[in-house]
Amino acid sequence: MSTNEKSSNIAQRAPLSVGVVGAGVSGLSLAWGLANKGCKVTVFDSGEAGRGATWAAAGMLAAGVEVEPGEESLWALNRRAQELWPAFRRELEQASGHDIGYRDQGTLVVATNRDDLEQLRFSYEFQRRLGVQVTWLNGLDARRMEPYLRPGIAGAVFSPNDHQVDNRKLAAALKQAALKAGVRLHENCRVERLVIEAGKACGLMVDSTVQSFDRIVIATGAWVRDLPGLPETARPPVRPVKGQMLALQMDPEQPLLRHVVWAPKLYLVPRDDGRLIIGATVEEKGFDDTLTAGGMLALLEGAWRAVPGIEELPIAETWVGHRPTSRDDAPIFGPVREVAGLHMATGHHRNGILLTPVTAEAMTHSVIEGSLPDWAAEFSLDRFAKSPHERDKTTGSIQGTLAPIGSRSGI
Ligand code: GLY
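The shown structure was predicted, so the numbers you read here are calculated from the model rather than taken from an experiment.

S.K.: Could you clarify how one ought to interpret the overall build of the protein chain in this entry?
M.R.: Broken down by element type, the protein chain carries nine helices and 19 strands. Against the globule reference of 22 Å for 411 residues, the protein chain gives a C-alpha radius of gyration of 22 Å, in line with a compact fold. On the principal axes, the C-alpha backbone points of the protein chain span a range of 65 × 50 × 40 Å. Burial statistics for the protein chain: of 411 residues in total, 54% are counted as buried. Accessible area for the protein chain stands at about 17,700 Å²; split by element, carbon and sulfur atoms hold 49% of it.

S.K.: Is there a simple way to explain unusual backbone geometry in this structure?
M.R.: Leaving glycine aside, a negative phi is the common case for residues, and trans is the common case for peptide bonds. Along the chain, glycine 279 connects to alanine 280 via a cis peptide bond; the corresponding omega equals -20°. Examined against the element boundaries, alanine 280 turns out to sit in the loop between strand 16 (275-279) and helix 8 (293-306). Positive phi outside glycine occurs at aspartate 329, with the angle close to 65°.

S.K.: Is there a simple way to explain the nonpolar core in this structure?
M.R.: Nonpolar side chains tend to gather and get buried jointly when the protein is soluble and globular. Residues Val41, Trp85, Leu92, Leu170 and Phe333 are the most contacted members of the largest nonpolar core, which totals 72 residues. Setting aside anything within four residues of it in sequence, one finds leucine 170 in contact with Val25, Trp85, Phe88, Leu92, Ile100, Val165, Ile353 and Thr356. Of all hydrophobic cores here, the second largest spans 26 residues; its members include Ile153, Ala263, Leu268 and Leu313.

S.K.: Is there a simple way to explain the sheet that holds strand 9 (residues 191-197) in this structure?
M.R.: Either a parallel or an antiparallel arrangement is found when strands of a sheet pair, and the pairing is made through backbone hydrogen bonds. Read from one edge of the open sheet, three strands run 9-10-11, paired in antiparallel fashion. Only two strands of the sheet have a single partner each, and these edge strands are strand 9 and strand 11 (209-212). Geometrically, the sheet is characterised by an average inter-axis angle of 35° between neighbouring strands, direction not taken into account.

S.K.: Would you mind going over the sheet that holds strand 14 (residues 260-263) with me for this structure?
M.R.: Sheet architecture is open: eight strands sit in the order 5-6-4-14-15-16-13-17, paired in mixed fashion. Edge positions in the sheet fall to strand 5 (135-138) and strand 17 (315-326), since each of these pairs with one other strand and no more. Averaged over neighbouring strand pairs, the angle between their axes works out to 25° when direction is ignored. Of the strand pairs in this sheet, strand 13 (residues 238-249) and strand 17 are connected by eleven bridges, and their pairing is antiparallel. Bridging across to strand 17, methionine 245 finds its partner in tryptophan 319.

S.K.: Would you explain the pattern of salt bridges in this entry?
M.R.: Any two side chains of opposite charge can pair, so long as their charged atoms come close to each other. By the definition in use, this model includes 19 salt bridges. For the salt bridge of arginine 350 with glutamate 66, the shortest nitrogen-to-oxygen distance reads 3.2 Å. With arginine 350 in the loop between strand 19 (342-346) and helix 9 (356-369) and glutamate 66 in the loop between strand 3 (60-61) and helix 4 (72-96), this residue pair connects regions lying 284 residues apart in the sequence. The exposure class assigned to arginine 350 is partly exposed, which follows from its relative accessible area of 29%.

S.K.: Any chance you could explain the environment of leucine 108 here in plain terms?
M.R.: Note on placement: leucine 108 falls in strand 4 (residues 107-111). Residue classification places leucine 108 among the buried positions, given a relative accessible area of 0%. In this structure the C-alpha to C-alpha distance between leucine 108 and valine 157, which are 49 residues apart in sequence, comes to 5.8 Å. Ignoring any residue separated from it by four or fewer positions in sequence, one finds leucine 108 in contact with Leu137, Ala142, Met145, Glu146, Leu149, Ala156, Val157, Phe158, Val260, Val261 and Trp262.

S.K.: Just checking my understanding: could you explain empty space enclosed by the protein for this structure?
M.R.: Over the atoms rolls a probe the size of a water molecule, and its path tells where empty space is left. Tallying each qualifying case throughout the model produces two cavities of 30 Å³ or more. For the second largest cavity, the calculated volume is near 40 Å³. What lines the second largest cavity is simply Gly101, Arg103, Gln164, Asp166, Lys169, Arg271, Asp272 and Asp273. Residues belonging to the lining of the second largest cavity are distributed by class as follows: no nonpolar, two polar and six charged.

S.K.: Got a minute to help me understand the site of the ligand in this structure?
M.R.: For the ligand, the full set of nearby residues is Met60, Tyr267, Ala280, Arg323 and Arg350. In the model, an oxygen atom of the ligand is placed 2.5 Å from a nitrogen or oxygen of the tyrosine 267 side chain. Relative to its unbound accessible surface of 200 Å², the ligand loses 88% to contact with the protein. For the shell around the ligand, the class distribution of residues is three nonpolar, no polar and two charged.

S.K.: In this structure, what is going on with the UniProt feature "domain: FAD dependent oxidoreductase" (unreviewed entry) in the protein chain? I would like to understand it.
M.R.: Here the UniProt feature "domain: FAD dependent oxidoreductase" (unreviewed entry) sits at residues 18-364. For the annotated span residues 18-364, helix accounts for 29% and strand for 29% of the residues, and the straight-line distance between the end C-alpha atoms is 11 Å.

Cut-offs and rules
Residues numbered from 1 in each chain as written. Predicted model: local features only at pLDDT ≥ 70, side-chain atom pairs only at ≥ 80, totals over all residues. Heavy atoms only, no water. Helix = DSSP H or I, 4+ residues; strand = E, 2+ residues; numbered from the N terminus. Rg over C-alpha atoms; globule rule 2.2 N^0.38 Å. Buried < 20%, exposed > 50% of the residue type's maximum accessible area, 1.4 Å probe, protein only. Areas by Shrake-Rupley, 256 points an atom, 1.4 Å probe, with all protein chains shown as cover. Core = buried A, V, L, I, M, F, W, Y, C linked by side-chain atoms within 4.5 Å. Contact = heavy atoms within 4.5 Å. Pairing = 2+ DSSP bridges. Axes fitted to C-alpha atoms, helices over the stretch in contact; angles between N-to-C directions. Salt bridge = Lys/Arg side-chain N within 4 Å of Asp/Glu carboxyl O. 1 Å grid on protein atoms, 1.4 Å probe; cavity = no way out; pocket = protein on both sides within 12 Å on 5 of 7 lines; lining within 4 Å. Points joined across faces, edges and corners; volume = space filled by probe spheres on them. Nonpolar A, V, L, I, M, F, W, Y, C, P; charged D, E, K, R; others polar. Near = heavy atom within 4 Å. Polar contact = N/O pair within 3.5 Å; in protein donor to acceptor, adjacent residues only side chain to side chain. UniProt positions renumbered as here; feature names shortened; annotations may be inferred.

Quick look at the structure:
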């Protein structure tokens, strides 16, 4: 926090006023967290709360089975989130009066042929070295856990700590808890511009009128770069990664699956109401929201190879979502160095739902203290900045857009 921000905090008797752009799980949870700390919070969303990537997600809290080589720091963050979930869930359900469909049966990762088995063995050994609690199962043991798996299943890994939550119920509960805590929520209300004066974010223009705030948080997921008024230097390297998904309807009394099941390149997530979520494609197609035959075919064929019984199930829903993906697939939290009073929470890629409690914790600290807590510091926007020798010698500011590091994309 700058000296000015600190002293204005101390001098202010009035509660800190915070404007939040975006009412997905990130925006809602951090708004709830800030309101619980006495801030006066107003949230704006151009649509209905929780209808963006939050709505499209599958709700897997899969810190363990999704971790890949090179993601060791992200694993530490994801594990922190996983550990926070039980208490976060209790607190949220109590505050909102809503059930959020949290299920703690764990996750089964299955290999349907020998090639997949080799890949699974590699991931399993890597995850074990990292300290993920995973157990190797033969095909028979996997089918004892999930009798509707294909008889020829080659092997599986069970992760007892990777659970799930119903992301749509989660959003509804967060909205309710935030409202009860005093958050003002404006849905279907587009922010026309971020207002910056003398290098400080001081307001949001809505309906041609500027609403003033002490702090502003942008939590608009894949749309984060599009906020008018956001300087080029503060635009994070975040892009939309398209995912097509569908839900089949099982008999809730006799579900085909009870655990979250990962099969090669897809997952199946059974809900309490009998819906079986199947996802997701991973496509670099920008904001394209077309459902394609190829996308649906890949998901259905892959799911059928793992669980042939899906063949008889009716299709309940199909949809497309856009993951907010940063250049290194890790989230971006905290203050924006170039603009005083401005903060961001974006770039969650595949982990937005899992990271909800961590986003709320890190961002509440960020907005109130002006800096990230130590455990979140490496996820600041600064990690994408140009090296110090590339900075402007007189102002110390970073020139141009945020520079690529280990770029996985063109942004
Ligand atoms: N987290 C699941 C997905 O991104 O498809």
